[in-house]
Amino acid sequence: MAFNTVHLQDQADLLRRGMADLRAEDLELAMLLDAEVARQHRTLSLVASSCAVKPRTLAASASALVNVTAEGAPGKRHRAGCENVDLVESLAIRRARELFDAHYAGVQSHSGSNANAQVLSALLEPGDTLLGMAHDHGGHLTHGSPAVFTGAYYKAIRYGTTAEGLIDYEQVRSLALAHRPRIIICGASAYSRVLDFERFRAIADEAGAILLADISHIAGLVVTGRHPSPINAAHVTTTCTHKQLGGPRGGLILSGRDAHTKVPGLKATFSRVLDQAVFPRMQGAPAVNMIAAKAAALGYAMTAEFDVCMGRVRALADEAAYAFQAHDYDVVGGRSENHTVLIRLRGDMTGAIAESALEGCGIVVNKSRVPGETRSSAVASGLCIGTGSMAQRNVDADGCRQVVDLVCRVLNQVTPLGEYEYHFEPTAQAQLRTELEHLCAKYPIADYWEH
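Calculation criteria
- Residues numbered from 1 in each chain as written.
- Predicted model: local features only at pLDDT ≥ 70, side-chain atom pairs only at ≥ 80, totals over all residues.
- Heavy atoms only, no water.
- Helix = DSSP H or I, 4+ residues; strand = E, 2+ residues; numbered from the N terminus.
- Rg over C-alpha atoms; globule rule 2.2 N^0.38 Å.
- Contact = heavy atoms within 4.5 Å.
- Areas by Shrake-Rupley, 256 points an atom, 1.4 Å probe, with all protein chains shown as cover.
- Lys, Arg positive; Asp, Glu negative; His and termini not counted.
- Charge placed at Lys NZ, Arg CZ, Asp CG, Glu CD.
- UniProt positions renumbered as here; feature names shortened; annotations may be inferred.
- Buried < 20%, exposed > 50% of the residue type's maximum accessible area, 1.4 Å probe, protein only.
- Pairing = 2+ DSSP bridges.
- Axes fitted to C-alpha atoms, helices over the stretch in contact; angles between N-to-C directions.
- Polar contact = N/O pair within 3.5 Å; in protein donor to acceptor, adjacent residues only side chain to side chain.
- Parallel < 35°, antiparallel > 145°, perpendicular 65-115°, else oblique.
- Nonpolar A, V, L, I, M, F, W, Y, C, P; charged D, E, K, R; others polar.
- Right-handed = clockwise from strand over helix to strand, strands pointing away.

Looking at the overall build of the chain
Okay, step 1: Helices and strands together make up the secondary structure of the chain, namely 17 helices and 17 strands.
Okay, step 2: By the compact-globule yardstick of 22 Å for 451 residues, the chain fits well, its C-alpha radius of gyration being 23 Å.
Okay, step 3: Taking all contacts inside the chain whose residues are at least 6 apart in sequence as the whole, residues at least 24 apart take part in 72%.
Okay, step 4: Working note: accessible area of the chain is about 19700 Å², and carbon and sulfur atoms make up 52% of it.
Okay, step 5: Charged side chains in the chain number 43 positive and 48 negative. The centres of these two groups are separated by 6 Å.

Listed below in structure tokens is the structure:
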């Protein structure tokens, strides 16, 4: 009996074939994907959580690993056919541990929010008390907002910032001693100063609490030594992989010196409890193609090129803060010590209007609430500016000042007519849009993708 010769394809063959088939058989979708690439070329993202992935990471996320179902952990799968998956996940774990200097790393979480949910489900019972940063003051929704599971399942107490926009550590300590939370969460989505993880740990120890650090917004600065690391200060650290790490949508759970100690009140260690929280408690089969993409991103984060990029992130944040102050905008906290600049808008200008008007000119930003806020989060009175995408485009100090000048000129051209409505003269908008496109051409994202 004769057998046909099977043509073996490698990953590159599959990707080429896939793109060819998509264009031939689903042109509508292919055109939408191409349109998004074009949009990213000609617009500038100043969103604090925004970074682009390297093509190698993009390729890993589109790998044939997506065909494998792999519940469990390396060497302990519930299905056969996982020998390569085991090696890929082990590689991602090894790189995460090395990069963050952690004793434990879990790489299966589908997102940073999922990672937070998994940690909290492992360490809290419904109704337990947690203490986290208020969303209105820069904290993340998963840190205790009543709008999400943390506020629904747990008794969430929230700390905030001073009138100057700085974390009120005395308030944190006072609330911790008064409420004796099971967990204290430190970390933020819109906070421009350094987080004092050691001080948080001292408060947690005094209150008998477990400390969870969420570094999703500053992970790249942490691994390059430009922000203190929480790995050995916090009992558990979480991060997403798609922000400063420039990876795919996904999360990591990490632990340092406490990884192999027993969880207070439980018989198991932190590492054991955290593993079980992901599978089987909260998540089924992992997205193993995304774990491969995480491994690719973590590998890139170990390079000198990434270190240089994170240095540029910091320098541009300083430059942006000074430039906004030169335009008479109030920079919350007085300056930036990470990658963000939080500015308070003036007069009747709302965050909702500023966000919309700037997007019309090709500049993508996030509206944000600011200390003393009276408007809702859907309207807000500030903007949170991030420098990650500018750093990836190799924007220099002069280019950063041009970007800030352009932002301020857009805002100056806009006349608010309400919380959402505004007038923006079309000719002025078109001119400013053209200037932004020239800036994007001067500092092309393609340079980052090609190196």
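Okay, back to it.
Observations regarding the UniProt feature "modified residue: N6-(pyridoxal phosphate)lysine" (unreviewed entry) in the chain
Okay, step 1: Taken from the UniProt record, the annotation "modified residue: N6-(pyridoxal phosphate)lysine" (unreviewed entry) applies to Lys243.
Okay, step 2: With respect to the secondary-structure elements, lysine 243 resides in the loop between strand 9 (236–240) and strand 10 (251–255).
Okay, step 3: Looking at lysine 243, the relative accessible area reads 10%, which means it is buried.
Okay, step 4: When residues no more than four places from it in sequence are discounted, the contact partners of lysine 243 are Ser49, Cys51, Ser216 and His217.

Details of the UniProt feature "site: Plays an important role in substrate specificity" (unreviewed entry) in the chain
Okay, step 1: UniProt feature "site: Plays an important role in substrate specificity" (unreviewed entry): in the numbering of this structure it lies at His242.
Okay, step 2: Note that histidine 242 resides in the loop between strand 9 and strand 10.
Okay, step 3: With a relative accessible area of 13%, histidine 242 lands in the buried category.
Okay, step 4: Ignoring anything within four residues of it in the chain, the contact list for histidine 242 reads Ser49, Cys51, Gly247, Pro248, Arg249 and Gly250.

Here we look at the sheet that holds strand 11 (residues 330–331)
Think of a sheet as strands paired side by side through backbone hydrogen bonds, with each pair either parallel or antiparallel.
Okay, step 1: Across the sheet, which stays open at both edges, the four strands sit in the order 11-12-15-14 with antiparallel pairing between neighbours. Two strands close off the open sheet at either side, each with one partner strand: strand 11 and strand 14 (366–368).
Okay, step 2: Here strand 12 (residues 340–344) runs beside strand 15 (residues 382–386); their pairing, made up of five bridges, is antiparallel. In the sheet register, arginine 344 faces strand 15, and the bridge partner there is glycine 382.
Okay, step 3: In this fold helix 12 (residues 304–326) packs onto strand 11, strand 12 and strand 15, with an angle of close to 15° to the strand it touches most, strand 12.
Okay, step 4: Here helix 13 (residues 351–360) sits on the sheet and contacts strand 14 and strand 15; the angle it forms with strand 15, its principal contact strand, is near 45°.

Things to note about the side chain of threonine 142
Okay, step 1: Examined against the element boundaries, threonine 142 turns out to sit in the loop between strand 5 (129–133) and helix 6 (149–153).
Okay, step 2: Looking at threonine 142, its side chain comes within polar contact range of the side chain of asparagine 116, at 2.9 Å.
Okay, step 3: Within the structure, threonine 142 has its side chain in polar contact with the side chain of histidine 140 (distance 2.8 Å).
Okay, step 4: Contacts of threonine 142, omitting those with residues within four sequence positions, involve Ser113, Asn116, Leu120, Val148, Phe149, Thr150 and Ile185.

Comments concerning the packing of helix 1 (residues 11–25) against helix 2 (residues 27–42)
Okay, step 1: Viewed as axis vectors pointing N to C, helix 1 and helix 2 meet at an angle of 120°, and their least axial separation amounts to 5 Å. Relative to helix 2, the element helix 1 lies oblique. Side by side, helix 1 and helix 2 meet where Leu22, Arg23 and Glu25 of the first sit next to Leu27, Leu29, Ala30, Leu33 and Asp34 of the second.
Okay, step 2: A class-by-class count of the residues in the contact of helix 1 with helix 2 yields five nonpolar, no polar and three charged.

Comments concerning the side chain of threonine 340
Okay, step 1: Inspection of the secondary structure puts threonine 340 in strand 12.
Okay, step 2: A polar contact of 2.9 Å, which involves the side chain of threonine 340, links it to the side chain of asparagine 338.
Okay, step 3: Among residues more than four places away in sequence, those in contact with threonine 340 are Ala48, Tyr191, Ser192, Cys384 and Ile385.

Quick word on the pairing of strand 7 (residues 183–186)
Okay, step 1: With burial as the criterion, each face of strand 7 is covered, one bearing Ile183 and Ile185 and the other bearing Ile184 and Cys186.
Okay, step 2: Sheet topology places strand 5 next to strand 7; two bridges connect them, and they run parallel. Within strand 7, the position partnered with leucine 131 by the bridge is isoleucine 184.
Okay, step 3: Relative to strand 8 (residues 210–214), strand 7 is paired through four bridges, and the arrangement is parallel. Considered in strand 8, the bridge of isoleucine 185 is made with leucine 212.
Okay, step 4: Following the backbone out of strand 7, through helix 8 (residues 197–207) and into the adjacent parallel strand 8, one traces a crossover that is right-handed.

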